Amino acid sequence: MNQDELKRAAADAALEYVVAGEIVGVGTGSTANHFIDGLAARRKDILGAVASSEASAQRLAGHGIRLFDLNEVDTMPVYVDGADEIDAGLSMIKGGGGALTREKIVAAVAERFVCICDASKRVAALGSFPLPVEVIPMARAHVARRLGALGGAPRLREGFVTDNGNLILDVHGLSIADPATFEAEIDHIAGVVSNGLFAIRGADVLLLAGSDGVECQLRS
């Protein structure tokens with residue numbers, strides 16, 4: 001199977017985690033799009049969905065799936081999303097599509113985070129994929145200096161504005177030994193909205209598609 005077919009296989013496996021009669025949280029990106037397309041066939045079985053981006057909301061609505069504002073939802077059984085990198089402890093780098101803040105918020109409300117990936121996303125240490133950091137526009141230069149002091153090489157994502165009206169700094173050259181500590185350290189920089197490390201609240205389940213099928217790993 002090619003990479004797109006592997007993404008679809010992981011997304012299809014995640015449909016087993018959807019709870020009938022409930023709201024499902026839905027992520028953003030190419031693998032999440034496959035999940036949304038698969039969810040369309042089950043739209044009558046669920047109450048609706050919360051989307052982590054405007055793009056995902058449009059795709060869900062296009063399939064006739066009812067959308068809920070997260071402020072209307074106290075909790076939901078599951079949030080399904082992909083990752084740009086994931087390590088053995090199910091900590092992730094996310095945000096290649098720029099939706100990291102909303103993804104992190106929706107994941108926080110869900111009881112279970114199911115990560116869907118192809119095998120190329122599993123790494124020994126996070127950091128080869130540039131770490132996205134969402135910043136308030138006026139704080140861009142200040143945050144970039146602080147990220148540089150932490151050992152990274154931040155670059156502005158040119159021509160991109162998040163759904164929240166902010167900017168993204170992509171931090172290159174990292175090797176992240178302690179993802180949860182590093183996540184908290186970045187979040188304490190004034191002007192940072194959030195960063196793409198999902199370690200404090202990592203995945204609970206990883207569905208990793210490879211040549212031998214879809215492997216399921218649970219967070220220990």
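Residues numbered from 1 in each chain as written. Predicted model: local features only at pLDDT ≥ 70, side-chain atom pairs only at ≥ 80, totals over all residues. Heavy atoms only, no water.

> I keep staring at the overall build of the protein chain and nothing clicks. Help me out?
Within the protein chain, the regular secondary structure consists of six helices and 13 strands. Taking 2.2 N^0.38 as the reference for a compact globule, 220 residues should give roughly 17 Å; the C-alpha atoms of the protein chain span a radius of gyration of 17 Å, in line with that estimate. Overall, the C-alpha framework of the protein chain stretches about 50 × 40 × 30 Å when taken along its three principal axes. Looking at the protein chain as a whole, 51% of its 220 residues qualify as buried. Considering only contacts in the protein chain between residues 6 or more positions apart, those separated by 24 or more positions represent 72%. Accessible surface, the protein chain as shown: approximately 9,800 Å² in total, 50% of it carbon and sulfur. (Helix = DSSP H or I, 4+ residues; strand = E, 2+ residues; numbered from the N terminus. Rg over C-alpha atoms; globule rule 2.2 N^0.38 Å. Buried < 20%, exposed > 50% of the residue type's maximum accessible area, 1.4 Å probe, protein only. Contact = heavy atoms within 4.5 Å. Areas by Shrake-Rupley, 256 points an atom, 1.4 Å probe, with all protein chains shown as cover.)

> Please clarify how the packing of aromatic side chains should be interpreted in this entry.
Two measures describe an aromatic ring pair: the distance that separates the ring centres and the angle between the ring planes. Under the counting rule described, the total for this entry stands at two aromatic pairs. With 5.1 Å between their ring centres and 80 degrees between their planes, Tyr79 and Phe113 make a pair best called edge-to-face. In this pair, Tyr79 sits in strand E3 (residues 76–81) while Phe113 sits in strand E6 (residues 110–118), placing the two residues 34 residues apart along the sequence. Comparing Tyr79 with Phe113 shows no difference in burial state: the two are buried. Taken together, a centroid distance of 6.5 Å and an interplanar angle of 90 degrees make the contact between Phe113 and Phe198 edge-to-face. With Phe113 in strand E6 and Phe198 in strand E11 (residues 197–198), this pair connects stretches of sequence that are 85 residues apart. Phe198 sits in the buried class, given a relative accessible area of 1%. The ring of Phe198 has Lys104 lying over it, and the distance from NZ or CZ to the ring centre is 4.9 Å. (Phe/Tyr/Trp six-rings, centres within 6.5 Å; stacked < 30°, edge-to-face > 60°. Lys NZ or Arg CZ within 6 Å of the ring centre and 35° of its normal.)

> I keep staring at the sheet that holds E11 and nothing clicks. Help me out?
Working definition: the strands of a sheet are paired by backbone hydrogen bonds and lie parallel or antiparallel to each other. Reading across from one edge, E4-E5-E11 is the order of the three strands in this open sheet, with antiparallel pairing throughout. A single partner strand is all that each edge strand has here, and the edge strands are strand E4 (85–86) and E11. Two strands pair when backbone bridges link them, and strand E5 (residues 92–93) and E11 are joined in this way by two bridges, in the antiparallel orientation. The residue bridging Ile93 from the neighbouring strand is Leu197, located in E11. (Pairing = 2+ DSSP bridges.)

> Would you mind going over the side chain of Ser53 with me for this structure?
Mapped onto the secondary structure, Ser53 falls in the loop between strand E2 (48–51) and helix H3 (54–62). Excluding residues within four positions of it along the chain, Ser53 makes contact with Thr28, Ala99 and Asp163.

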